[in-house]
Amino acid sequence: MNTLPPDHTGRMARAALALDGLSVGDALGETCFRTHNWEAVQEDPRATTRGPWPFTDDTVMALGIYEVLYEYGTIDQDRLARVFAARYKAQPWRGYGAGAHRLLDQIGNGIDWRNAAECVFPGGSYGNGSAMRIAPLAAYFAEADYSEIAHQARLSAGVTHAHAEGLAGAVATAIAGAYAWRNRDRRADETVKRGLFDEVLAHTPRGDVKKGIEHAALLDFSLSIETVVPLIGNGRRISCQDTVPFCLWVAANHLDDYQTAIVRTIRGGGDIDTNAAIVGGIVALATGREGVPRDWLADREELVI
Ligand SMILES: [Mg+2]
C-alpha cells in the first residue's frame, strides 16, 4: 500500500470538483442525443430539460479513477482494472461502447487486463475513453510536475487504451486540466488561454493527437464552431485523434466560462457527452464550482462518491 501524500485531502477535493465539471457536461451532453434539448440549450442554456439527467460511462469510469486515487494516491493499474470492471458489472447500461463491453466483461471474469485488452483491441485502443475520464487524475496531480501528471495519465489509460494515440489523448487532456487549475486566477487572460496549447504540446508525445492539437492551436478563437469542426473533428469517430483537439480548443477558448464552453461543445455535435465531459472537467478546474451553473448541478443525477 502506498503512503498517501500529506495533502491527500486537498487533492481529493480538487478531484471532486473535476468530477462535478465532468459529470455535468456528460449528463447534459447525453440529453442532447435523445431530446430536443439540443435546440433548447443553444437558445437559452437555462431552458434545458429538467433533471435528473443520468450520467454515462464517462462519469462512471472517472469515478473509478477517483476511487483508486482515494485509496492509493497513485494509479495502481491492477486495482483500476478491477474497479472499472466492478462498476461496469453493476451498471452495464451506462452507454459503454461495444469494445468496452467486451473488455470489461472479460476483466470482470478474471482475465488479466493485459491479455483482455490485447484480445479485444489488438495493438491497443485509441478510443476517446482514455481522455473522457481523466479529469479527476488531472486534478489530483495538478500541482505535481507535469512529467508526473503525464506518467499517471499513461498508467490510467494503459489499462484499456494502450495504443500510442490512446495514451497521448489521456496525457494531453490531463495536462490541460492541470494547467487550468494552476492558472485559474488568470483564466480570462488571452495569453493564459493560448498558453494551454503550449503546455499540452510540450508534454504530448508525437503522433496524430499531437498534430491535431498543433492544428487547433493555430485556429483563432473568434471562429465559429461550424468552421472549426471540419478542420479538427468533433469525436464523431470516437477516437482520441478526432476528439481531443476539438475539446482542447473549446476549453482553452472558454477557460473562464463553464456554461459557454459546454453550450459550444454541444453545438459541435459528434460524441457530445464525451466532448462535454472532457471540456467540463478541464474548465471547472479553472472556474471552480461557482462557475458550474447551480441548476445544472442540481439536474445532474446525484453523484455518490
Ligand atoms: Mg458516455
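Quick summary incoming for the structure in this document. (Residues numbered from 1 in each chain as written. Predicted model: local features only at pLDDT ≥ 70, side-chain atom pairs only at ≥ 80, totals over all residues. Heavy atoms only, no water.)

## Brief notes about the overall build of the protein chain
At step 1: The secondary structure content of the protein chain amounts to 17 helices and 0 strands.
At step 2: Its C-alpha atoms give the protein chain a radius of gyration of 17 Å, within 12% of the compact-globule value 19 Å for 305 residues.
At step 3: Counting all 305 residues of the protein chain, 60% fall into the buried class.
At step 4: Partitioning the contacts of the protein chain with sequence separation of at least 6, the portion at a separation of at least 24 is 73%.
At step 5: Of the charged side chains in the protein chain, 30 are positive and 39 negative; the average position of the first set lies 1 Å away from that of the second. (Helix = DSSP H or I, 4+ residues; strand = E, 2+ residues; numbered from the N terminus. Rg over C-alpha atoms; globule rule 2.2 N^0.38 Å. Buried < 20%, exposed > 50% of the residue type's maximum accessible area, 1.4 Å probe, protein only. Contact = heavy atoms within 4.5 Å. Lys, Arg positive; Asp, Glu negative; His and termini not counted. Charge placed at Lys NZ, Arg CZ, Asp CG, Glu CD.)

## Points about the coordination of the magnesium ion
At step 1: Around the magnesium ion, the donor atoms from the protein are Thr56 (OG1), Asp57 (OD), Asp58 (OD) and Asp273 (OD), and they sit 2.0 to 2.3 Å away.
At step 2: Spacing between the donor residues of the magnesium ion along their common chain follows T-D-D-x214-D. Of this pair, Thr56 sits in the loop between helix H2 (37-43) and helix H3 (57-72) while Asp273 sits in helix H16 (residues 272-287), and the two are 217 residues apart along the sequence. (Donors = N, O, S within 2.8 Å, 3.2 Å for Na, K, Ca; no water.)

## Quick word on the side chain of Thr204
At step 1: Tracing the sequence through the fold places Thr204 in the loop between helix H11 (190-203) and helix H12 (208-217).
At step 2: Engagement of the side chain of Thr204 in a polar contact is seen with the backbone oxygen of Val200, the distance being 2.7 Å.
At step 3: Apart from residues no more than four positions distant in its own chain, Thr204 is found in contact with Ala168, Val171, Ala172, Val209 and Lys210. (Polar contact = N/O pair within 3.5 Å; in protein donor to acceptor, adjacent residues only side chain to side chain.)

## A word on H3
One turn of the α-helix equals 3.6 residues, which is why residues spaced by three or four share an orientation.
At step 1: Between the first and last C-alpha of H3 there are 22 Å, a value that for 16 residues agrees with the 22 Å anticipated at 1.5 Å per step.
At step 2: One or two steps after H3, the chain reaches Gly73, where phi turns positive at roughly 70°. (Expected span 1.5 Å × (residues − 1).)

## Focus: the packing of aromatic side chains
At step 1: Throughout the structure, instances matching the rule amount to 5 aromatic pairs.
At step 2: Joined through ring pairs, the aromatic side chains of Phe197, Phe221 and Trp249 make up one cluster.
At step 3: Taking NZ or CZ as reference, Arg184 lies 3.6 Å from the ring centre of Trp181, over its face.
At step 4: Sitting over the face of the ring of Phe221, Arg194 holds its NZ or CZ atom 3.9 Å from the ring centroid. (Phe/Tyr/Trp six-rings, centres within 6.5 Å; stacked < 30°, edge-to-face > 60°. Lys NZ or Arg CZ within 6 Å of the ring centre and 35° of its normal.)

## A word on the pattern of salt bridges
At step 1: Per the counting criterion, the structure on display carries 15 salt bridges.
At step 2: The salt bridge involving Arg79 is made with Glu67; its shortest N-O contact spans 3.4 Å. Of this pair, Arg79 sits in helix H4 (residues 77-90) while Glu67 sits in helix H3, and the two are 12 residues apart along the sequence.
At step 3: Asp112 is the partner of Arg114 in a salt bridge, and the nearest nitrogen-oxygen pair spans 3.1 Å.
At step 4: A relative accessible area of 42% means that Arg114 is categorised as partly exposed.
At step 5: If you follow the salt bridges from partner to partner, you end up with Glu67, Glu71, Arg79 and Arg87 in one network. (Salt bridge = Lys/Arg side-chain N within 4 Å of Asp/Glu carboxyl O.)

## Focus on the side chain of His254
At step 1: One can find His254 in the loop between helix H14 (240-253) and helix H15 (258-267).
At step 2: If we skip the residues at most four places from it in the chain, His254 touches Thr260, Ala261, Arg264 and Val283.

## Section: the nonpolar core
Looking at soluble globular proteins, one finds that nonpolar side chains tend to be buried together.
At step 1: Core analysis: the largest hydrophobic core is formed by 109 residues, its most contacted members being Leu137, Ile213, Leu248 and Trp249.
At step 2: Not counting residues up to four positions away in its chain, the partners in contact with Ile213 are Ala172, Phe197, Val200, Leu201, Val244, Pro245 and Leu248. (Core = buried A, V, L, I, M, F, W, Y, C linked by side-chain atoms within 4.5 Å.)

## Looking at the layout of surface pockets
At step 1: Here the largest pocket is characterised by a volume of approximately 360 Å³.
At step 2: Around the largest pocket, the lining is made up of 24 residues, and of these Asp57, Gly97, Ala100, Asn128 and Ile238 lie nearest the centre.
At step 3: Mapped onto the lining of the largest pocket, the elements with two or more residues apiece are H3, helix H5 (98-108), helix H7 (129-132) and H16.
At step 4: In terms of residue count, H5 provides more of the lining of the largest pocket than any other element does, 5 residues in total. (1 Å grid on protein atoms, 1.4 Å probe; cavity = no way out; pocket = protein on both sides within 12 Å on 5 of 7 lines; lining within 4 Å. Points joined across faces, edges and corners; volume = space filled by probe spheres on them.)

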